[in-house]
Amino acid sequence: MSDSFREVTSVSWFGRIKRAVGGVIFGLLLIVLMVIGLFWNEGRAVQTARSLAEGAGAVVSINADSVDAGNDGKLVHVSGPVTADSGLSDPDFGIAAQGLRLSRSVEMYQWKEESKSETTKKLGGGEETETTYSYPKVWDDKQIDSSDFKKPDGHQNPPMAIHSRAFQIPQGKLVAFDLDTPVLDRIEGDKDYSLSASQSAAIKAAYTGTKPLSIVDGKIYLGSDNTTPALGDYRIGYELAPLGVVSIVARQAGSRFEPYQTQAGDALLMVDTGQVPADKMFAEAVSANTLITWLLRAGGLLLLTIGFALFLSPIGVILDVIPFLGSMARMGTGIIAFFLAILVGTTTIAIAWFWYRPVLAAGILAAGVIAAAAVYYLGRSRKAAAPMATPSTGAAAT
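Predicted, not measured: the structure shown is a model, and the values here were computed from it.

Engineer: Just checking my understanding: could you explain the overall build of the protein for this structure?
Structural biologist: If you tally the helices and strands in the protein, you get six helices and 21 strands. A globule of 398 residues ought to have a C-alpha radius of gyration of about 21 Å, yet the protein, at 32 Å, is considerably larger. Seen through its C-alpha atoms, the protein measures out along the principal axes to roughly 120 × 70 × 55 Å. The buried share among the 398 residues of the protein stands at 34%. Contacts spanning at least 24 positions in sequence make up 71% of the contacts within the protein whose residues lie at least 6 apart. The protein carries 34 positive and 38 negative side-chain charges, and their two centres are separated by 9 Å.

Written as C-alpha cells, this is what we have:
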C-alpha cells in the first residue's frame, strides 16, 4: 500500500546563478581533496606493498600444538581448529547454538519516502521542478525517521524496539594458543542459521513482547499474519559462524596473537578460514591491496570529474537564457571536466610515484624515453632508405 502527491518548485535565473556559484566553491574544494586523496592513495599502496613484502620475508610457520617462547615477538603463521569453552545464545529469544558468532538480523515493516523529480528549463534561464513523492511500506533493517518526510501525516513509523545484534564468544582456543577479540573479529564464514519449529516453544518462553510470534521460513515473525504484514511487524533471522580451522599471520605474544608492526609502517594481522599456507595469504593480501588501489584511483578520478563539472557549471546556467544553448554548453563543459580530471589525476599519480617510488618511476620514464627515441630513429632510417622516385623517360626518337 502506498500513496503519493506532487510538488512543483521554481527557481529564477538569478537564483540558479547564485546556486552555481556555491557549486563552484564546492567543486574547488572537491578538486583539492581528490588531489590530496589520490596522492595519499599512492603512498598507502606503496607502504602496504612494502609491509607485505617485509612480512612475507620474516614470517615463520609454527605448530599450534605448543607455545614456543622463542617465537615471542616474531611474525608467525599458524593453522588449526578453533574451539570454544562456552556456547552462543540470544537471551531475547532463547536461541542457543554452538559456534564462533551468532548474528541477529532484524527488519521492521515501515513507511519509506521515495521521490522522483523532473526538471524543465524555461526561456529566460528559470527552472521548474516537479517532484512526485510516494510512500510505500517496506522491510528495512534501520529505523526510518518519518518526521523528516515531506508529508509525515498518515505516515508515522513506530519506534524500532528490536535491533540487529551479534553474539560472539569472548575467547577461543587454537589448540595451545588463546584467541581474543581482535583475531575473532576477523574470522569470517557466517552462514544462514535456520530456525526449526521444534525451537518455537523455547523462543516463545524467552520472548517478553506482546506481538504474536511464529516461525516462518526459518525466521522469527512478530505479527498477526506474515502474508499481509502490518506496520511495525518484525522479521528476525540469524547467521552462524561455525567453529572450524583457521589460519593466522600475526605477532606471537606469549600464547596470544597481536598485530605485527613492520618497519614499512603497517601493522599485520591476517586471518583466513581453512588451512591456508602463509605464501597464499600474503599473495591474497597483495591482490587485495592492488584492487583497493585501483578502486580508489577510479573513485578519485570520478570525483575529480564531478568537481570540475561543478566548477564549470555557471557557464551552462548563464547560457540557459536560451535552454538549447545551455544544454550544448553543459555537454561541452562535461567533456572538458572529464579531460581535466584525467590530466590532473594522472599527473597527481605520476608525481606521487616519483615521490614514493623514485627509482621505479625513473626507470619507467627512462624506458619510455628510450622506446620513443627508438621508434623515432627507426622511422627516420626507413624514410632515408626508401628509394627515390625517378621520372619516366619517353621513347627515343627514330
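Engineer: Whenever I open this one, the packing of helix H1 (residues 13-58) against helix H4 (residues 278-319) confuses me. Can you help?
Structural biologist: Geometry of a packed helix pair, given as the angle between the helix axes and the separation of the axes. Across the interface, H1 lies against H4 with an axial gap of 7 Å and an inter-helix angle of 165°. One element, H1, and the other, H4, form an angle in the roughly antiparallel class. Judged by the twist between their axes, the crossing of H1 over H4 is left-handed. Looking at side-chain class alone, the contact of H1 with H4 contains 30 nonpolar, ten polar and four charged residues.

Engineer: Whenever I open this one, the pattern of salt bridges confuses me. Can you help?
Structural biologist: As a working rule, side chains carrying opposite charge can pair if their charged atoms are close by. Tallied over the full model, the rule gives 13 salt bridges. Two residues, Glu-42 and Arg-297, come together in a salt bridge whose shortest N-O distance is 2.8 Å. Pair noted here: Glu-42 is in helix H1 and Arg-297 is in helix H4, with a separation of 255 residues, a long-range link. Of the residues examined, Glu-42 reaches a relative accessible area of 0% and is grouped as buried. The exposure class of Arg-297 is buried, given its relative accessible area of 9%. One salt bridge connects Lys-173 with Asp-178, and the closest N-O pair in it is separated by 2.9 Å. We classify Lys-173 as partly exposed; its relative accessible area is 26%. What emerges from the salt-bridge pattern is a single network uniting Asp-90, Asp-92 and Arg-104.

Engineer: How should the environment of Pro-81 be read in this particular structure?
Structural biologist: Examined against the element boundaries, Pro-81 turns out to sit in strand S3 (residues 75-83). C-alpha separation for the pair Pro-81 and Arg-357, spaced 276 residues apart in sequence, amounts to 41 Å.

Engineer: So what exactly am I meant to see when it comes to the sheet that holds strand S8 (residues 127-134) here?
Structural biologist: Hydrogen bonds along the backbone pair up the strands of a sheet, which may run parallel or antiparallel. Pairing within the open sheet is antiparallel, and its three strands lie in the order S1-S8-S7. A strand with exactly one partner marks an edge of an open sheet, and here the two such strands are strand S1 (4-11) and strand S7 (114-121). Averaged over neighbouring strand pairs, the angle between their axes works out to 20° when direction is ignored. Across eight bridges, the pairing between S1 and S8 is antiparallel. Along S8, the bridge assignment pairs Glu-7 with Thr-131. The strands touched by H1 are S1, S7 and S8; relative to S1, the strand with the most contacts, the crossing angle is about 90°.

Engineer: Can you walk me through the side chain of Thr-348 in this structure?
Structural biologist: Structurally, the position occupied by Thr-348 is in helix H5 (residues 323-356). In this structure Thr-348 comes out as buried when scored by relative accessible area, which is 7%. Of note is the side chain of Thr-348, whose polar atom sits 2.7 Å from the backbone oxygen of Val-344. In this structure Thr-348 touches Val-35, Leu-38 and Phe-39, once residues within four positions along its chain are discounted.

Engineer: What exactly am I supposed to notice about the confidence of the model for the protein here?
Structural biologist: It should be kept in mind that the predicted coordinates are not to be read in detail where pLDDT is low. Residues at a pLDDT of 70 or more form 91% of the protein, whose mean pLDDT is 89. Every residue in residues 392-398 scores below 50 in pLDDT, and together they form zero contacts with partners more than four places removed in sequence or on other chains.

Engineer: Before we go on, may I ask you to explain the nonpolar core in this structure?
Structural biologist: Among soluble globular proteins, nonpolar side chains are generally buried collectively. Of all hydrophobic cores here, the largest spans 40 residues; its most connected members are Phe-93, Ile-220, Leu-222, Ile-236, Ile-248 and Phe-257. Per-element tally for this core: the top contributor is strand S16 (residues 234-241), with five residues. Aside from chain neighbours lying at most four places away, what touches Phe-93 is Arg-104, Ile-162, Ala-202, Ile-203, Ala-206, Tyr-207, Leu-213, Ile-220, Leu-222, Ile-236 and Tyr-238. Membership of the second largest hydrophobic core comes to twelve residues, among which are Leu-52, Val-59, Val-249 and Phe-282.

Engineer: Before we go on, may I ask you to explain H4 in this structure?
Structural biologist: Think of an α-helix as turning once every 3.6 residues; residues three or four places apart then point the same way. Relative to the 62 Å expected for 42 residues at 1.5 Å per residue, H4 spans 62 Å between its end C-alpha atoms, a close match to the ideal helical length. A bend of about 45° at Leu-312 is the largest found in H4, and the proline Pro-314 appears one to four places after it.

Engineer: Any chance you could explain a nonpolar patch on the surface here in plain terms?
Structural biologist: Nonpolar side chains collect at one region of the surface, where Leu-123, Ile-315, Ile-318, Leu-319, Val-321, Ile-322, Phe-324, Leu-325 and Met-328 lie side by side and expose about 850 Å² of accessible area between them. When contributions to the nonpolar patch are tallied by element, the ones reaching two or more residues are H4 and H5. Judged by relative accessible area, Val-321 falls into the partly exposed class, the value being 34%.

Engineer: What is the right way to look at the packing of aromatic side chains in this model?
Structural biologist: One pass over the structure, following the stated rule, counts nine aromatic pairs. Considering the side-chain rings of Phe-93 and Tyr-207, the 5.7 Å spacing of their centres and the 10° angle between planes classify their relative orientation as stacked. Of the two residues, Phe-93 sits in the loop between strand S4 (88-90) and strand S5 (95-97) while Tyr-207 sits in the loop between helix H3 (200-206) and strand S14 (213-216), which places them 114 residues apart along the sequence. Its guanidinium or amino end placed over the ring of Trp-294, Arg-297 lies 4.5 Å from that ring's centre, counting from NZ or CZ.

Engineer: Whenever I open this one, the packing of H1 against H5 confuses me. Can you help?
Structural biologist: Between H1 and H5, the shortest axis-to-axis distance is 10 Å and the interhelical angle comes to 30°. Our classification of the angle between H1 and H5 gives roughly parallel. The element H1 and its partner H5 pack so that their crossing is right-handed. Along its contact with H1, which presents Arg-16, Val-35, Leu-38, Phe-39, Glu-42, Gly-43, Val-46 and Arg-50, the element H5 presents Arg-330, Val-344, Gly-345, Thr-348, Ile-349, Ile-351, Ala-352, Trp-353, Trp-355 and Tyr-356.

Reading guide: rules and limits
Residues numbered from 1 in each chain as written. Predicted model: local features only at pLDDT ≥ 70, side-chain atom pairs only at ≥ 80, totals over all residues. Heavy atoms only, no water. Helix = DSSP H or I, 4+ residues; strand = E, 2+ residues; numbered from the N terminus. Rg over C-alpha atoms; globule rule 2.2 N^0.38 Å. Buried < 20%, exposed > 50% of the residue type's maximum accessible area, 1.4 Å probe, protein only. Contact = heavy atoms within 4.5 Å. Lys, Arg positive; Asp, Glu negative; His and termini not counted. Charge placed at Lys NZ, Arg CZ, Asp CG, Glu CD. Axes fitted to C-alpha atoms, helices over the stretch in contact; angles between N-to-C directions. Parallel < 35°, antiparallel > 145°, perpendicular 65-115°, else oblique. Left-handed = near helix turned anticlockwise from the far one by under 90°. Nonpolar A, V, L, I, M, F, W, Y, C, P; charged D, E, K, R; others polar. Salt bridge = Lys/Arg side-chain N within 4 Å of Asp/Glu carboxyl O. Pairing = 2+ DSSP bridges. Polar contact = N/O pair within 3.5 Å; in protein donor to acceptor, adjacent residues only side chain to side chain. pLDDT = per-residue confidence, 0-100. Core = buried A, V, L, I, M, F, W, Y, C linked by side-chain atoms within 4.5 Å. Expected span 1.5 Å × (residues − 1). Bend = angle between axes of the 7 residues up to and from the residue. Patch = residues over 30% accessible without salt bridge, like charges linked within 9 Å, V, L, I, M, F, W, Y side chains within 5 Å. Areas by Shrake-Rupley, 256 points an atom, 1.4 Å probe, with all protein chains shown as cover. Phe/Tyr/Trp six-rings, centres within 6.5 Å; stacked < 30°, edge-to-face > 60°. Lys NZ or Arg CZ within 6 Å of the ring centre and 35° of its normal.

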